Amino acid sequence: MAIHLEHYLITGAILFGIGLYLALAKRNFVGVLMGIELMFNAVNLTFVAFSRFVQSSSPLDGHVFVVFTVTVAAAEAATALALAVLLYRVRDTIDVDEIDLLKW
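The present account deals with the structure reproduced in this document. (Residues numbered from 1 in each chain as written. Predicted model: local features only at pLDDT ≥ 70, side-chain atom pairs only at ≥ 80, totals over all residues. Heavy atoms only, no water.)

Here's the deal with helix α3 (residues 61–91)
Given 3.6 residues per turn, any residue in an α-helix points the same way as the ones three and four places further on. Counted at 1.5 Å a residue, the expected span for α3 with its 31 residues is 45 Å, and the 44 Å between its end C-alpha atoms agrees. Among the residues of α3, Gly 62, Val 66, Thr 69, Ala 73, Ala 80, Ala 84 and Leu 87 are the ones counted as buried. Following α3 by one or two positions, Asp 92 has its phi on the positive side, about 60°. (Helix = DSSP H or I, 4+ residues; strand = E, 2+ residues; numbered from the N terminus. Expected span 1.5 Å × (residues − 1). Buried < 20%, exposed > 50% of the residue type's maximum accessible area, 1.4 Å probe, protein only.)

And the structure:
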């Protein structure tokens, strides 16, 4: 059985759906971040799959997009985790429902 582009796209869609569910359903800030990272990885999978199966002028187009996406995801994760530590120090919780920044 050969693996085609559709298999990668279905896997990416399932991963994206799981990440979206985690980002919307979790009440913990770290759980939300894990969902967002899973969505980034699903997008990276589809970029590499399109790079592999779709002929373009440069065969590394998808890989370059993945490098940029991983860089943005790493910066986002570092900033968000620093925010989570700060919120925990100030509010003693990282529960998303209990964080309202306009009321100190």
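Observations regarding the packing of helix α1 (residues 5–25) against helix α2 (residues 29–53)
When two helices pack together, their arrangement is given by the angle between their axes and by how far apart the axes lie. Closest axis-to-axis distance for the α1/α2 pair is 7 Å, and the angle between their directions is 165°. Taken together, α1 and α2 sit at an angle that is classed as roughly antiparallel. Of the two elements, α1 crosses α2, and the hand of that crossing is left-handed. Class assignment of the residues belonging to the contact of α1 with α2 gives a composition of 19 nonpolar, six polar and no charged. (Axes fitted to C-alpha atoms, helices over the stretch in contact; angles between N-to-C directions. Parallel < 35°, antiparallel > 145°, perpendicular 65-115°, else oblique. Left-handed = near helix turned anticlockwise from the far one by under 90°. Nonpolar A, V, L, I, M, F, W, Y, C, P; charged D, E, K, R; others polar.)

Side note on the pattern of salt bridges
What the rule picks out here adds up to one salt bridge. Here Asp 95 and Arg 27 are joined by a salt bridge, their closest N and O atoms 3.3 Å apart. Here Asp 95 is found in the segment after α3, whereas its partner Arg 27 is found in the loop between α1 and α2, with 68 residues between them in sequence. On the accessibility criterion, Asp 95 (15% relative accessible area) is buried. (Salt bridge = Lys/Arg side-chain N within 4 Å of Asp/Glu carboxyl O.)

Quick notes on a nonpolar patch on the surface
Together, Ile 3, Tyr 8, Phe 50, Phe 53 and Val 54 line one region of the surface with nonpolar side chains, adding up to about 420 Å² of accessible area. Tracing the sequence through the fold places Val 54 in the loop between α2 and α3. (Patch = residues over 30% accessible without salt bridge, like charges linked within 9 Å, V, L, I, M, F, W, Y side chains within 5 Å. Areas by Shrake-Rupley, 256 points an atom, 1.4 Å probe, with all protein chains shown as cover.)

A few points about the packing of aromatic side chains
Here the structure, examined in full by the defined rule, presents two aromatic pairs. Look at Tyr 8 and Phe 53: their rings are 5.7 Å apart centre to centre, the planes differ by 45°, and that puts the pair in the tilted class. With a gap of 45 residues between them, Tyr 8 in helix α1 and Phe 53 in helix α2 connect regions that are remote in the sequence. Overall, Tyr 8 belongs to the partly exposed group, its relative accessible area being 32%. Residue classification places Phe 53 among the partly exposed positions, given a relative accessible area of 31%. We note Arg 52 situated over the ring of Phe 53; from NZ or CZ to the ring centre the distance is 5.4 Å. (Phe/Tyr/Trp six-rings, centres within 6.5 Å; stacked < 30°, edge-to-face > 60°. Lys NZ or Arg CZ within 6 Å of the ring centre and 35° of its normal.)

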